[in-house]
Amino acid sequence: MRDLADRELAPRAAEADRTESFPWENVRAIADLGLFGLSLDPEFGGAGGTARQLAVATEELSRGCAATGTVYAAHLSLCAAYINRFGTGGQKRGLLPDLAAGRRIGAFALTEPGAGSDAAAIRTAVADRPGGFALSGTKAFITNAAEAGVFVVMATRDPSAGHRAIETFVVESQSPGLTVTPQHGKLGIRASSTCEVTFDDVPVPASGRIGGAGEGFSMTMRVLDASRVSIAAQAVGIAQAALEASVSYARERRTFGRPIADRQAVRWMIADSATQVEAARRLTYRAADLLDAGEPFEKEASMAKLYASRAAVECADRAVQIHGGVGYFAPTAAERLYRDAKITEIYEGTSEIQRTLIARRLLGG
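Quick caveat, the model's predicted, so the values are computed rather than measured. (Residues numbered from 1 in each chain as written. Predicted model: local features only at pLDDT ≥ 70, side-chain atom pairs only at ≥ 80, totals over all residues. Heavy atoms only, no water.)

S.K.: Just to check I follow, could you spell out empty space enclosed by the protein for this structure?
M.R.: If a probe as big as a water molecule is rolled over the atoms, it shows which places are left empty. In total, this model carries one cavity of 30 Å³ or more according to the counting rule given. Ala13, Asp17, Cys65, Ala66, Ala67, Ile189, Arg190, Ala191, Arg336 and Asp340 together form the lining of the largest cavity. Looking at the lining of the largest cavity, the elements with two or more residues in it are helix H1 (2–19), helix H4 (66–86) and helix H9 (333–341). Its residues placed into classes, the lining of the largest cavity shows six nonpolar, no polar and four charged. (1 Å grid on protein atoms, 1.4 Å probe; cavity = no way out; pocket = protein on both sides within 12 Å on 5 of 7 lines; lining within 4 Å. Points joined across faces, edges and corners; volume = space filled by probe spheres on them. Helix = DSSP H or I, 4+ residues; strand = E, 2+ residues; numbered from the N terminus. Nonpolar A, V, L, I, M, F, W, Y, C, P; charged D, E, K, R; others polar.)

Structure (C-alpha cells):
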C-alpha cells in the first residue's frame with residue numbers, strides 16, 4: 001500500500017486537485033491490486049480481510065491522495081459494505097462482483113439539504129408502486145455520485161415518524177427520473193466528485209429494497225459506526241502526509257546559514273505532530289481490532305474519528321507554518337493537505353456528533 005501511494009497516487013495528487021478531475025488512474029490501480037474487494041465476502045467476488053487491514057489500506061491511500069481515500073471509503077465502506085452486510089443473496093450476486101472488482105463505482109445517498117447530522121430528518125419519500133417502489137426527493141453532498149453505477153439510498157415512508165419510517169434501497173444510476181448535478185467550489189478533496197442527486201418518481205423493483213420496512217435507519221447507523229474507522233484511518237493518512245512534508249522541508253530549507261530543522265520551534269512542532277499521528281493511529285487500530293473481534297467498538301470508533309480528524313487539521317496547519325510563505329501557495333503538499341484535512345471533522349458524523357456519541361456511551365441518555 002505504501003508503494004502504491006508513493007509511486008502512483010502522490011505524484012498525481014496535485015494535478016488532480018488543480019483540475020478537480022476524478023482520479024480514474026488511481027481507481028484502476030486500486031482495482032488491479034484487488035483492494036476494492038477488501039473486507040467483502042469472497043463468495044461474491046470479495047477478497048475477505050479484516051477491518052484492521054482496511055484501515056491500513058485507507059490510511060495509505062489517503063496519505064498519497066486524500067481525494068482517492070474519499071472515493072475508496074465511500075465506495076467500499078459505505079455502499080459496498082451496506083450491500084455486503086444487509087443485502088439479499090440476489091443483491092449480493094448481482095452487485096458485489098462488479099463493486100469488488102472496481103468495474104462499477106458505488107455511492108451512498110443519505111445526506112439531504114435539511115438532513116445531515118440529523119439523519120432521521122430525511123424527506124426523500126418512498127411510495128409503493130405495482131411491482132415495487134418509487135422514490136422522490138433530493139440528496140446533497142453525495143460522494144462519487146457523478147461516476148456511480150449504483151446508489152444505496154435512504155428514504156422515508158412518513159417524515160413525521162422519524163427513524164421508524166426509514167427504508168433503504170439499491171438504485172441503478174441509469175434509472176429514469178434520477179438526475180445527478182455536480183456541486184463545485186469545495187475547499188478540499190477536489191478530485192472526489194460531490195453532487196446533488198434528485199429522484200423524480202424513480203422506479204425501484206421490489207427486489208431493490210435492502211432489509212424490511214422500518215429497518216433502514218438501524219442498518220444505516222450500523223454501517224456508519226463501522227465506516228467511522230475508515231474515516232479515522234483517512235485522517236491518519238492525511239496527518240502522516242503532513243508530518244512527512246514538514247520533516248522533508250525542515251531538512252532542506254535553510255535560514256541564517258542553518259536548516260530550519262535545527263530551530264527548536266520547528267523541532268517541537270514536528271514532535272507534536274509525530275505524537276498526534278501515532279496516538280491517532282493507535283486509537284484507529286484499536287477500534288478496528290475491536291470490530292474484528294466482534295466486541296463493542298462504537299465508542300472507540302467515535303473516539304478515533306474525533307481525535308484523528310483533529311490531528312489531521314492540526315498537523316496540516318503546522319505543515320503550512322513550517323513551510324512559511326511557500327506553504328501558502330499551490331501546488332505544495334502542505335497547502336493541499338491543509339484544505340483536505342478539514343472535511344474529516346465534518347463528514348460521516350461531525351466532531352460534535354462524535355462527542356455526543358462518546359458521552360452517551362459513558363453516561364447514557
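S.K.: In this structure, what is going on with the packing of helix H7 (residues 264–292) against helix H8 (residues 298–323)? I would like to understand it.
M.R.: If you want to describe how two helices pack, look at the angle between their axes and the distance between the axes. The contact between H7 and H8 brings their axes to 9 Å, and the two run at 160 degrees. Judged on the interaxial angle alone, H8 and H7 are roughly antiparallel. Between H7 and H8 the crossing geometry is left-handed. Looking at the contact of H7 with H8, its residues break down into 17 nonpolar, four polar and four charged. (Axes fitted to C-alpha atoms, helices over the stretch in contact; angles between N-to-C directions. Parallel < 35°, antiparallel > 145°, perpendicular 65-115°, else oblique. Left-handed = near helix turned anticlockwise from the far one by under 90°.)

S.K.: Could you clarify how one ought to interpret the pattern of salt bridges in this entry?
M.R.: Should the charged atoms of two oppositely charged side chains come close, the side chains can pair. Going through the model one piece at a time under the given rule, you end up with 29 salt bridges. Residue Arg318 pairs with Glu314 through a salt bridge whose shortest N-O separation is 3.8 Å. Remark: Glu314 and Arg318 occur in helix H8; sequence separation between them is four residues, near one turn of the helix. Taking the relative accessible area as the measure of exposure, Arg318 reaches 15% and is therefore buried. One network of salt bridges, with partners in common, ties together Arg2, Asp6, Glu60, Arg63 and Glu244. (Salt bridge = Lys/Arg side-chain N within 4 Å of Asp/Glu carboxyl O. Buried < 20%, exposed > 50% of the residue type's maximum accessible area, 1.4 Å probe, protein only.)

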